[in-house]
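Fold and geometry: a report
So the chains spell out like this:
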Amino acid sequence: MRKKACVWVLALWVVLMGVQTAVSFTSADDQQHGLAMAGPEARHEASLSSPSERAGRHRRAADYSNRDVSGYSEEQKKLIVDKHNALRAAQGSSDMMYMYWDNDLEKLAQSWVENCNFKHSSRSMRSDVGQFSYVGENLYASTGTYDPDVLIQAWYDEIHDYEYTSNHCSPNKECGHYTQLVWARSYAVGCGVRYCPVLRNTFFPRGFIVSCNYGPGGNYRGESPFEIGNRCSACDKDAPYCVKGLCARVPVVGTSDAASRDLSWRLLIGCAFMSAMLSSRMLTWVLTPAN
């Protein structure tokens with residue numbers, strides 16, 4: 001009987017730890033600071049240690065230079081989410097949200113890049129998207145690749161032109177892509193991509209255009225993108241779990257962060273308590289009906 005009780009508790013633990021979902025809440029304003037643009041990608045082979053690694057790099061380049069592309073694959077979407085979360089977790093933030101993929105944001109991004117116009121979509125287009133009252137937007141254009149690792153890193157590298165204490169970009173520099181990428185309260189992302197034989201508003205005539213939308217949108221005037229402090233120490237009550245150093249609404253399998261450990265310990269303690277109770281005389285009347 002005690003073994004069965006533990007099995008049920010452990011089964012509940014597996015179910016709770018395995019649930020993942022994308023959730024929505026709303027925000028009000030968005031103040032983007034600019035666009036990110038990249039020319040042809042230079043590829044240096046000298047740092048690769050073997051022919052197989054070089055072949056792998058060439059295959060990766062081919063994967064992200066397909067001119068028939070119209071949207072990211074499921075595998076590529078996961079790479080986008082993972083890249084965002086890895087960079088967000090590196091900020092040393094106490095309130096940074098774990099980011100999920102959002103299909104409504106993806107649809108908006110894909111519909112915009114289909115126009116082959118390298119400029120931000122209108123404020124009205126980014127209002128009332130799914131359950132978000134407003135969403136943010138980062139753009140990228142390149143003649144060579146739409147590799148998520150490359151373009152997200154390009155946005156993130158604006159960190160060198162951002163001063164946290166003053167909450168301003170360096171003079172004559174852009175940093176709005178970085179601040180949106182690490183905006184603590186943004187927790188949903190969806191991206192679109194296509195190749196444009198004619199790409200307007202760039203200094204090159206054709207290439208790939210990528211748009212990523214963020215919900216809820218960030219870059220509020222006068223607000224810092226995140227609070228510095230111990231990771232997950234200032235999570236909202238709607239995001240009580242700590243997943244890879246980020247505040248999350250649901251626990252995720254494979255994490256070892258404090259809140260997830262807390263849930264595990266509670267369930268294991270519950271298992272031990274139930275086992276003890278089932279073996280005690282207090283429950284004899286349940287296990288052995290009175291004559």
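Structural notes, computed from the coordinates. (Residues numbered from 1 in each chain as written. Predicted model: local features only at pLDDT ≥ 70, side-chain atom pairs only at ≥ 80, totals over all residues. Heavy atoms only, no water.)

Here we come to the overall build of the chain. When its secondary structure is counted, the chain shows 8 helices and 11 strands. Split into buried and exposed, the 291 residues of the chain put 46% on the buried side. The long-range fraction of contacts in the chain, counting pairs at least 24 apart against all pairs at least 6 apart in sequence, stands at 74%. With an accessible surface of roughly 15,300 Å², the chain has 55% of that area assigned to carbon and sulfur atoms. (Helix = DSSP H or I, 4+ residues; strand = E, 2+ residues; numbered from the N terminus. Buried < 20%, exposed > 50% of the residue type's maximum accessible area, 1.4 Å probe, protein only. Contact = heavy atoms within 4.5 Å. Areas by Shrake-Rupley, 256 points an atom, 1.4 Å probe, with all protein chains shown as cover.)

Tallying each qualifying case throughout the model produces 11 aromatic pairs. Their ring planes at 55° and their centres at 5.0 Å tell us that Tyr 146 and Phe 208 sit as a pair that is tilted. Of this pair, Tyr 146 sits in the loop between strand E5 (136-142) and helix H5 (148-156) while Phe 208 sits in strand E9 (residues 207-215), and the two are 62 residues apart along the sequence. On the basis of relative accessibility, which here comes to 2%, the residue Tyr 146 falls in the buried class. Arranged with centres 5.7 Å apart and planes meeting at 50°, the rings of Tyr 162 and Tyr 178 form a pair that is tilted. (Phe/Tyr/Trp six-rings, centres within 6.5 Å; stacked < 30°, edge-to-face > 60°.)

Before going further, it helps to examine the pairing of strand E8 (residues 188-196). On a regular strand, one side chain projects to one face of the sheet and the next to the other, so that they alternate. Counting buried positions along E8 gives 8 out of 9 residues, so the element sits mostly inside the fold. Examined bridge by bridge, strand E2 (residues 100-101) and E8 share 2 bridges and lie parallel to one another. Following the sheet pairing, Tyr 100 is matched in E8 by Ala 188. (Pairing = 2+ DSSP bridges.)

A word on the side chain of Ser 121. Within the element layout of this structure, Ser 121 appears in the loop between helix H4 (103-113) and strand E3 (127-129). Among the polar contacts listed, one links the side chain of Ser 121 to the side chain of Arg 126, at a separation of 3.1 Å. A distance of 2.8 Å separates a polar atom in the side chain of Ser 121 from a polar atom in the side chain of Glu 137. In this structure, Ser 121 is in contact with Trp 112, Arg 126 and Glu 137, ignoring residues within four places of it in sequence. (Polar contact = N/O pair within 3.5 Å; in protein donor to acceptor, adjacent residues only side chain to side chain.)

Take helix H3 (residues 74-89) next. With 16 residues, H3 extends 23 Å from end C-alpha to end C-alpha; this agrees with the ideal 22 Å at 1.5 Å per step. When we look at burial in H3, the residues that qualify are Gln 76, Lys 77, Ile 80, Val 81, Lys 83, His 84, Asn 85, Leu 87, Arg 88 and Ala 89. (Expected span 1.5 Å × (residues − 1).)

A separate point is the environment of Asp 128. You can see Asp 128 is positioned in strand E3. Apart from residues lying up to four places away in sequence, Asp 128 is in contact with Ser 133 and Tyr 134.

Before going further, it helps to spend a moment on the pairing of E5. Burial analysis of E5 places 7 of its 7 residues in the buried class, the great majority of the element. Alternating residues of E5 divide into Gly 136, Asn 138, Tyr 140 and Ser 142 and Glu 137, Leu 139 and Ala 141, and every residue in both groups is buried. By the bridge criterion, 7 bridges tie E5 to E9 in an arrangement that is antiparallel. Each bridged residue has a counterpart across the sheet, and for Tyr 140 the counterpart in E9 is Val 210.

Moving on, we get to the pattern of salt bridges. One pass over the structure, following the stated rule, counts 7 salt bridges. A salt bridge links Glu 114 to Arg 194, with the nearest nitrogen and oxygen atoms 3.1 Å apart. Here Arg 194 lies in strand E8 and Glu 114 lies in the loop between H4 and E3, a separation of 80 residues in the sequence. A residue is classified by how much of its surface remains accessible, and Glu 114, at 33% relative accessible area, is partly exposed. Linked through salt bridges whose partners overlap, the residues forming this network are Glu 74, Lys 77 and Glu 106. (Salt bridge = Lys/Arg side-chain N within 4 Å of Asp/Glu carboxyl O.)

Take the nonpolar core next. Among the nonpolar cores identified, the biggest contains 38 residues, and Tyr 72, Tyr 146, Trp 155, Val 189 and Val 210 are the most heavily contacted of them. At the level of elements, H3, E2, H5, helix H6 (176-181), E8, E9 and strand E11 (246-248) are the ones that each hand at least two residues to this core. Setting aside chain neighbours within four positions, we find Tyr 72 in contact with Lys 77, Ile 80, Tyr 146, Pro 148, Leu 151, Cys 191, Gly 192, Val 193 and Val 210. (Core = buried A, V, L, I, M, F, W, Y, C linked by side-chain atoms within 4.5 Å.)

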